[in-house]
Amino acid sequence: MEHRINRKIDRLIKLKRKISDQIDGMENRNYRMILTCRYVLMQTWDDVADSIGYSVQNCYIIHGKALQEFYNQYLKH
């Protein structure tokens, strides 16, 4: 059981590293910042807004565009 749990943890760590590398590969700096804060650093929306100096509402807008760009760049194909 412990071995199975460790394998799952290893897979999750590799997946997080892969996603982080993909986010880092995006051209738009704002998209990278939003996605990194939210999905890599696991920040709340208020913390994301504070980190990058935008309102929460603007973060939502940029986030939507960032997700679309991430999809187009990495998942669409």
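About the criteria used
Residues numbered from 1 in each chain as written. Predicted model: local features only at pLDDT ≥ 70, side-chain atom pairs only at ≥ 80, totals over all residues. Heavy atoms only, no water. Phe/Tyr/Trp six-rings, centres within 6.5 Å; stacked < 30°, edge-to-face > 60°. Helix = DSSP H or I, 4+ residues; strand = E, 2+ residues; numbered from the N terminus. Patch = residues over 30% accessible without salt bridge, like charges linked within 9 Å, V, L, I, M, F, W, Y side chains within 5 Å. Areas by Shrake-Rupley, 256 points an atom, 1.4 Å probe, with all protein chains shown as cover. Salt bridge = Lys/Arg side-chain N within 4 Å of Asp/Glu carboxyl O. Lys, Arg positive; Asp, Glu negative; His and termini not counted. Charge placed at Lys NZ, Arg CZ, Asp CG, Glu CD. Buried < 20%, exposed > 50% of the residue type's maximum accessible area, 1.4 Å probe, protein only. Expected span 1.5 Å × (residues − 1). Arc of directions from axis to C-beta. Contact = heavy atoms within 4.5 Å.

Colleague: Residue-level account of the packing of aromatic side chains, with values.
Modeller: Under the defined criterion, the tally for this structure stands at 2 aromatic pairs. Ring geometry for W45 and Y60: centres 5.2 Å apart, planes at 80°, overall edge-to-face. In this pair, W45 is assigned in helix α3 (residues 45-52) and Y60 in helix α4 (residues 56-75), connecting sequence segments 15 residues apart.

Colleague: Report on a positive patch on the surface, specifying residues and quantitative values.
Modeller: Where like charges cluster on the molecular surface, the positive patch consists of R4, R7, K8 and R11. By the element assignment, R4 lies in helix α1 (residues 2-24). Residue R4 is classed as partly exposed on the basis of its relative accessible area of 45%.

Colleague: Please provide a residue-by-residue account of α4, values included.
Modeller: Compared with the 28 Å implied by 1.5 Å per residue over 20 residues, the 26 Å span of α4 between its first and last C-alpha is a close match. Along α4, the residues that are buried comprise C59, I62, H63, A66 and F70. When α4 is viewed along its axis, its buried side chains cluster within an angular range of 115° and face the same direction. Close packing links the buried residues of α4 with α1, α2 (29-40) and α3.

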